[in-house]
Amino acid sequence: FGSSWKLSVLSPGQSTMAPLPNDFSYGEWSAVYNVLSFGIAAMGSATVFFWLQLPNVTRSYRTALTITGIVTWIATYHYF
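I will try to describe carefully the structure that is included in this document. Counting restarts for each chain, with residues numbered from 1 along the sequence as it is written. A pLDDT threshold of at least 70 governs which residues receive local features in this predicted model, and a stricter bar of 80 or more applies before side-chain atom pairs are shown or counted, although totals over entire chains, interfaces and linings include all residues. Excluded from the side-chain calculation are hydrogens and water; included are all heavy atoms of the structure.

## Thoughts on the overall build of the chain
Here comes step 1: Put simply, DSSP H or I for four residues or longer makes a helix, DSSP E for two residues or longer makes a strand, and each gets a number counted from the N terminus. The secondary structure content of the chain amounts to 2 helices and 0 strands.
Here comes step 2: Looking at the chain residue by residue over its 80 residues, the buried ones come to 8%.
Here comes step 3: The contact definition used throughout considers only heavy atoms, calling two residues in contact when any of these lie within 4.5 Å. Pairs at least 24 apart in sequence give 32% of the contacts found in the chain among residues at least 6 apart.
Here comes step 4: Exposure was quantified through the Shrake-Rupley algorithm and a 1.4 Å probe, taking into account, for residues, occlusion by the shown protein chains and nothing else. As displayed, the chain has an accessible area near 7000 Å², and 67% of this comes from carbon and sulfur atoms. Here's how the labels work: a residue is buried when its accessible area is under 20% of the maximum for its type, exposed when over 50%, partly exposed in between, all with a 1.4 Å probe on protein chains only.

## Focus: the side chain of Thr 72
Here comes step 1: Positionally, Thr 72 belongs in helix H2 (residues 62-79).
Here comes step 2: For Thr 72, the contacting residues outside a window of four places in its chain are Met 43, Ala 46, Thr 47 and Phe 50.

## What about H2?
Here comes step 1: Expected helix span is computed as 1.5 Å times (number of residues minus one). The terminal C-alpha atoms of H2 lie 26 Å apart, and with 18 residues this matches the ideal 26 Å at 1.5 Å per residue to within 8%.
Here comes step 2: Those residues of H2 not exposed but buried are Leu 65, Gly 69, Thr 72 and Thr 76. The buried residues of H2 all sit within an arc of 70° when viewed along its axis, so they share a single face. For H2, exposure combined with an orientation more than 90 degrees from the buried face picks out Thr 63, Tyr 77 and His 78.
Here comes step 3: Buried residues along H2 sit against helix H1 (26-52). In this description, the arc belongs to the directions extending from the helix axis to the C-beta atoms.

## Comments concerning the packing of H1 against H2
Here comes step 1: Fitted lines through C-alpha atoms serve as axes, helices being fitted only where they are in contact, and the angles separating the N-to-C directions of these axes extend from 0 to 180 degrees. Here H1 crosses H2 at 155°, and the two axes come no closer than 8 Å. Looking at the two axes, H1 sits roughly antiparallel to H2. Note that H1 runs across H2; the crossing there is left-handed. Note on element contacts: H2 touches H1 through Leu 65, Thr 66, Thr 68, Gly 69, Ile 70, Thr 72, Trp 73, Ala 75, Thr 76 and Tyr 79, opposite Ile 40, Met 43, Gly 44, Ala 46, Thr 47, Phe 50 and Trp 51.
Here comes step 2: In the scheme used here, Gly and all other residues not listed as nonpolar or charged are polar, with Ala, Val, Leu, Ile, Met, Phe, Trp, Tyr, Cys and Pro taken as nonpolar and Asp, Glu, Lys and Arg as charged. Looking at side-chain class alone, the contact of H1 with H2 contains 10 nonpolar, 7 polar and no charged residues. Between 65 and 115 degrees an angle is taken as roughly perpendicular, under 35 as roughly parallel, over 145 as roughly antiparallel, and anywhere else as oblique. In a left-handed crossing the near helix is turned counterclockwise from the far helix by less than a right angle, and in a right-handed crossing that turn is clockwise.

## What to know about the environment of Thr 47
Here comes step 1: Within the secondary structure, Thr 47 sits in helix H1.
Here comes step 2: Between the C-alpha atoms of Thr 47 and Thr 72, which are 25 residues apart in sequence, the distance is 5.6 Å.
Here comes step 3: Setting aside anything within four residues of it in sequence, one finds Thr 47 in contact with Gly 69, Thr 72, Trp 73 and Thr 76.

Distances and angles like these do not, on their own, reveal function.
Right, here's the structure in full:
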C-alpha cells in the first residue's frame, strides 16, 4: 500500500495508458511489451509449424510432434 495511484474518469473517445510505477519508464514498459508479444507470436508460429510438419515426419514421431504442438498451443492461448 502507500502507492500514489490516481483514478481518472475519461470521457468517451479518450484513452490513456495504465499507470506505471514511478521508477518504470515508458521505454522499459514498451520493451517488455514487445518482447512478450514476440514470444507469443513465436509460440503460435511454432504450433503451426509443428502441425504442418506432421506428414513429413516418420510415423513413430507423429505422436510426439502432435503433443508438442498441443503444448505450444496451450502456452500461446495461456499467455495471449
